[in-house]
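Summary of the model geometry
Now for the letters of each chain:
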Amino acid sequence: GAVVSQHPSWVICKSGTSVKIECRSLDFQATTMFWYRQFPKQSLMLMATSNEGSKATYEQGVEKDKFLINHASLTLSTLTVTSAHPEDSSFYICSARVTGHPNYGYTFGSGTRLTVV
Amino acid sequence: DAKTTQPNSMESNEEEPVHLPCNHSTISGTDYIHWYRQLPSQGPEYVIHGLTSNVNNRMASLAIAEDRKSSTLILHRATLRDAAVYYCILTGGATNKLIFGTGTLLAVQP
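Rules used throughout
- Residues numbered from 1 in each chain as written.
- Chains lettered and ligands numbered in written order.
- Predicted model: local features only at pLDDT ≥ 70, side-chain atom pairs only at ≥ 80, totals over all residues.
- Heavy atoms only, no water.
- pLDDT = per-residue confidence, 0-100.
- Helix = DSSP H or I, 4+ residues; strand = E, 2+ residues; numbered from the N terminus.
- Disulfide = S-S within 2.5 Å.
- Buried < 20%, exposed > 50% of the residue type's maximum accessible area, 1.4 Å probe, protein only.
- Contact = heavy atoms within 4.5 Å.
- Salt bridge = Lys/Arg side-chain N within 4 Å of Asp/Glu carboxyl O.
- Nonpolar A, V, L, I, M, F, W, Y, C, P; charged D, E, K, R; others polar.

**What about the confidence of the model for chain B?**
The predicted coordinates ought not to be read in detail in places where the model reports low pLDDT. When pLDDT is averaged along chain B, the result is 92, and 95% of the positions lie at 70 or above. No element of chain B has a lower mean pLDDT than strand E4 (residues 45-50) of chain B, at 92, and none a higher one than strand E6 (residues 61-64) of chain B, at 98.

Given below as structure tokens:
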């Protein structure tokens, strides 16, 4: 149980276009989801906290107009990278806190490898 | 957010126990200690978490110091599939967000 499904697993896009990444909680309701990015050989960096039905909270230094987050339902959060550029190429990972399941803690999606050419 | 300190890397031999240390001297009374691991090109995977008492599950054991300023993740018999980056993270406060440090890269030799 407590599975987070993330799609797509990889995407290649042209510079200047937008890309949407979806994160779904399959068997639980996620009122809060988190979005991370990870560059090669580095740790995960928290980008934003996504709350169902309200605006996301962005970490310092993360451009909210570039990384649009929508959390319209208890099972779906999306991250849209707008006007992507090569420096946005990274591994993006979503996560949800599994409340009511003390043995699970937080569960993560499998990640999306974004390459901007 | 309270900070954790881990060795950058460790090595182990297959089928031997592995003890991965983590220091968290600024931990607060309500902070949970979480351990996650990440295999290459995958999202992190939950390993174990605890508050004060030692914890055991099918994957590992978590030994928490009496003063809670350090903890140790114990893999009882390392396998090649345990080669990963292991992150020790503290959670607490209103947002309960996970802030990742640099973690420990565990190499397992056959």
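Anyway, onward from the coordinates.
**So, the state of the cysteines**
By the definition in use, this model includes two disulfides over all chains. Linked covalently through their sulfurs, A:Cys23 and A:Cys94 form a disulfide whose S-S length is 1.9 Å. Disulfide A:Cys23-A:Cys94: torsion about the S-S bond near 80°, hence right-handed. Of the two residues, A:Cys23 sits in strand E3 (residues 19-25) while A:Cys94 sits in strand E9 (residues 90-97), which places them 71 residues apart along the sequence. What makes A:Cys23 buried here is its relative accessible area of 0%. Disulfide pairing is shown between B:Cys22 and B:Cys88; the S-S distance is 2.1 Å.

**Brief notes about the interface of chain B and chain A**
Contacts between chain B and chain A engage 19 residues on the former and 21 residues on the latter. At the boundary of chain B and chain A, one finds one salt bridge. For the side of chain B that touches chain A, the secondary structure elements donating two or more residues are strand E3 (32-38), E4 and strand E8 (84-91) of chain B. Per element, the largest residue contribution to the side of chain B that touches chain A is three residues, and it comes from E3(B). Its residues assigned to classes, the side of chain B that touches chain A shows seven nonpolar, eleven polar and one charged.

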